[in-house]
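An overview of the molecular structure
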Amino acid sequence: SPETSAWTYAHELGRLHLEEAFSDEVTTLYYDNVTQQTAEEYIEKAIGEGCNLIFTTTPSFVQASVKAAIAHPKIRILNCSLNTSHRYSRMHEAKFLMGAIAGAMAENNRLCYLADYPIYGTIANINAFALGAKMINPRAKVYLEWSSVKDRDISENIKRTQASCISGKDMIIPEEASRYFGIYHYENGKLHNLAMPLWHWGKFYEELIRTIMDGTWKYDDDTSSLKAINYWWGMSAGVVDVICSQNLPIGTKRLVDFLKKSICSGAFNPFTGILYSQDGVVQEDPDRSLTPEEIVTMDWLAENIIGRIPKIEELQEQAKPVLTQQGIETRKG
């Protein structure tokens, strides 16, 4: 529910944005605490209540979504997944900017990145963060921590590595009342929030619904084999962004604005050019950019990252179903 999940809370903010943006044209309904076992029931319930556009907000609902889409071809059903050819949003663009901020603000060149699961998209976010930090500070090292690994004391590890800038949760729920999110900086034992990445689901929903209303919702040319639509949107579409706090120095804020404009205009791509992993050169062509498929399915870590991608047997039990559904195919030890 929005009260217990930051991911669901972000989607709920998106739904509320829709009600404001289309107050006279769109009616929204929502169901929370839906499980994989009850997903089909709730999709059918939504259709029965007159919904003609349905978002299922977890990859575990893929099968139920596909089944319902086949049974109801006139209903638009979209599932928020990264592990398919019709993926959502380039969050790695925001993570690159977050890394640039952390690289600029870490006096001792030590950064920490807190990740949850080694799944589709997560590795790209980690690498983009590391590349952003390295571009601003060639000496920056990123210490990678996984919250889903068994018997891991993250707080103790952060103290041991003495990281001065930490990348925590992307978003929190109001009830947590915590400042441990986004990029935060430790100075003399005090915490200062610097910036946070934003996945603007309201903007995403709004842009998508406008394409339906103005008749530009597109399928493949071959209408006999309709295919899912790709929403590989990023900063240029307004669905991904970075919010900077007043604690960020004006010069660093100007740098972030410059990088953001460069990414939005297409003049800069975080994954263009020569790329090095912990094991050597990943890409040696200075003019080539990684494809969306290469970005989403990354199974390597950038050379300035201290840490590794955990294997499934190293993870807590509750993490294993997530990896079964969304995990990258190869996990290097």
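Basis of the calculations
- Residues numbered from 1 in each chain as written.
- Predicted model: local features only at pLDDT ≥ 70, side-chain atom pairs only at ≥ 80, totals over all residues.
- Heavy atoms only, no water.
- Salt bridge = Lys/Arg side-chain N within 4 Å of Asp/Glu carboxyl O.
- Helix = DSSP H or I, 4+ residues; strand = E, 2+ residues; numbered from the N terminus.
- Buried < 20%, exposed > 50% of the residue type's maximum accessible area, 1.4 Å probe, protein only.
- Axes fitted to C-alpha atoms, helices over the stretch in contact; angles between N-to-C directions.
- Parallel < 35°, antiparallel > 145°, perpendicular 65-115°, else oblique.
- Left-handed = near helix turned anticlockwise from the far one by under 90°.
- Contact = heavy atoms within 4.5 Å.
- Pairing = 2+ DSSP bridges.
- Phe/Tyr/Trp six-rings, centres within 6.5 Å; stacked < 30°, edge-to-face > 60°.
- Core = buried A, V, L, I, M, F, W, Y, C linked by side-chain atoms within 4.5 Å.
- Polar contact = N/O pair within 3.5 Å; in protein donor to acceptor, adjacent residues only side chain to side chain.
- Disulfide = S-S within 2.5 Å.
- Arc of directions from axis to C-beta.

**Quick notes on the pattern of salt bridges**
This structure, assessed with the given rule, holds 13 salt bridges. One salt bridge connects Glu 206 with Arg 210, and the closest N-O pair in it is separated by 2.8 Å. Taken together, the residues span about one helical turn, with Glu 206 and Arg 210 both in helix H7 (residues 201-213) at a distance of 4 residues. Overall, the relative accessible area of 10% leaves Glu 206 in the buried class.

**Quick look at the packing of helix H1 (residues 6-21) against H7**
Contact geometry of H1 with H7 gives a least axis separation of 7 Å together with a crossing angle of 45°. Classified by the angle between their axes, H1 and H7 sit oblique to one another. The way H1 lies across H7 gives a crossing that is right-handed. Listed contacts from H7 to Trp 7, Ala 10, His 11, Gly 14, Arg 15, His 17, Leu 18 and Ala 21 of H1 are Trp 201, Gly 202, Lys 203, Tyr 205, Glu 206 and Ile 209.

**Overview of the sheet that holds strand E3 (residues 110-115)**
Sheet architecture is open: 7 strands sit in the order E8-E7-E6-E5-E3-E4-E11, paired in mixed fashion. Across the chains shown, the open sheet's two edge strands, defined by having one partner strand only, are strand E8 (240-244) and strand E11 (305-306). In this sheet, strand E4 (residues 141-146) lies alongside E3 in parallel orientation, the contact comprising 6 bridges. What sits directly across from Arg 110, in E4, is Lys 141.

**Some remarks on the packing of aromatic side chains**
One pass over the full model with this rule turns up 12 aromatic pairs. Between Trp 7 and Trp 199, the aromatic rings sit 5.5 Å apart at their centres with planes inclined by 85°, giving edge-to-face as the arrangement. Here Trp 7, found in helix H1, pairs with Trp 199, found in strand E7 (residues 190-199); they are 192 residues apart in sequence, far enough to count as distant. Here Phe 96 and Phe 268 contribute two aromatic rings whose centre-to-centre distance is 5.3 Å and whose plane-to-plane angle is 50°, an arrangement assigned as tilted.

**A few points about unusual backbone geometry**
It is generally the case that most residues other than glycine have a negative phi and that most peptide bonds are trans. You will see that Asn 33, though not glycine, has its phi angle at about 55°, which is positive. Within the secondary structure, Asn 33 is located in the loop between H1 and helix H2 (39-48). Since its relative accessible area comes to 59%, Asn 33 is described here as exposed.

**Looking at the environment of Ile 305**
Turning to its location among the elements, Ile 305 is positioned in strand E11. On the basis of relative accessibility, which here comes to 3%, the residue Ile 305 falls in the buried class. Spatially, the C-alpha atoms of Ile 305 and Ile 166 are 13 Å apart, while their sequence positions differ by 139 residues. Setting aside anything within four residues of it in sequence, one finds Ile 305 in contact with Ile 126, Asn 127, Ala 130, Val 142, Leu 144 and Gln 278.

**With respect to the pairing of strand E6 (residues 183-187)**
Summarising the sheet, strand E5 (residues 165-167) and E6 pair through 3 bridges and their orientation is antiparallel. Of the residues in E6, the one forming a bridge with Cys 165 is His 185. Looking at chain direction, E6 and E7 are connected through 5 bridges and run antiparallel. What sits directly across from His 185, in E7, is His 192. Counting the residues in the hairpin turn of E6 and E7 gives 2 residues, including Asn 188, whose phi is positive at 55°.

**Section: the nonpolar core**
Formed by 74 residues in total, the largest nonpolar core has its most connected members in Ile 101, Leu 111, Ile 126, Val 242 and Phe 271. Of all the elements, helix H4 (residues 91-105) adds the most residues to this core, at 9 residues. Those residues in contact with Leu 111 that lie beyond four places of it in its chain are Ala 102, Gly 103, Ala 106, Phe 129, Ala 133, Ala 140, Lys 141, Val 142, Tyr 143, Ala 163 and Cys 165. Judged by nonpolar contacts, the second largest core, of 11 residues, contains Cys 51, Ile 54, Ala 68 and Ile 75.

**Description of the side chain of Thr 56**
Tracing the chain through its elements places Thr 56 in strand E1 (residues 53-56). We classify Thr 56 as buried; its relative accessible area is 6%. A polar side-chain atom of Thr 56 sits 2.9 Å from a polar atom in the side chain of Ser 65. Those residues in contact with Thr 56 that sit more than four places away from it in its chain are Ile 43, Phe 61, Ser 65, Leu 78, Asn 79 and Cys 80.

**Some words on the state of the cysteines**
Counting across every chain of the model gives 0 disulfides. Considering cysteine sulfurs only, Cys 244 is the nearest to Cys 264, which forms no disulfide, with 13 Å between them. A relative accessible area of 28% places Cys 264 in the partly exposed class.

**What to know about helix H3 (residues 62-71)**
Quick reminder: α-helices carry 3.6 residues per turn. Residues three or four places apart thus point the same way. Of the residues making up H3, those classed as buried are Ala 64, Ser 65 and Ala 68. Each buried residue of H3 sits inside an arc of 100° when the element is viewed along its axis, so together they form one side. Opposite the buried face of H3, by more than 90 degrees, sit the exposed residues Gln 63, Lys 67 and Ile 70.

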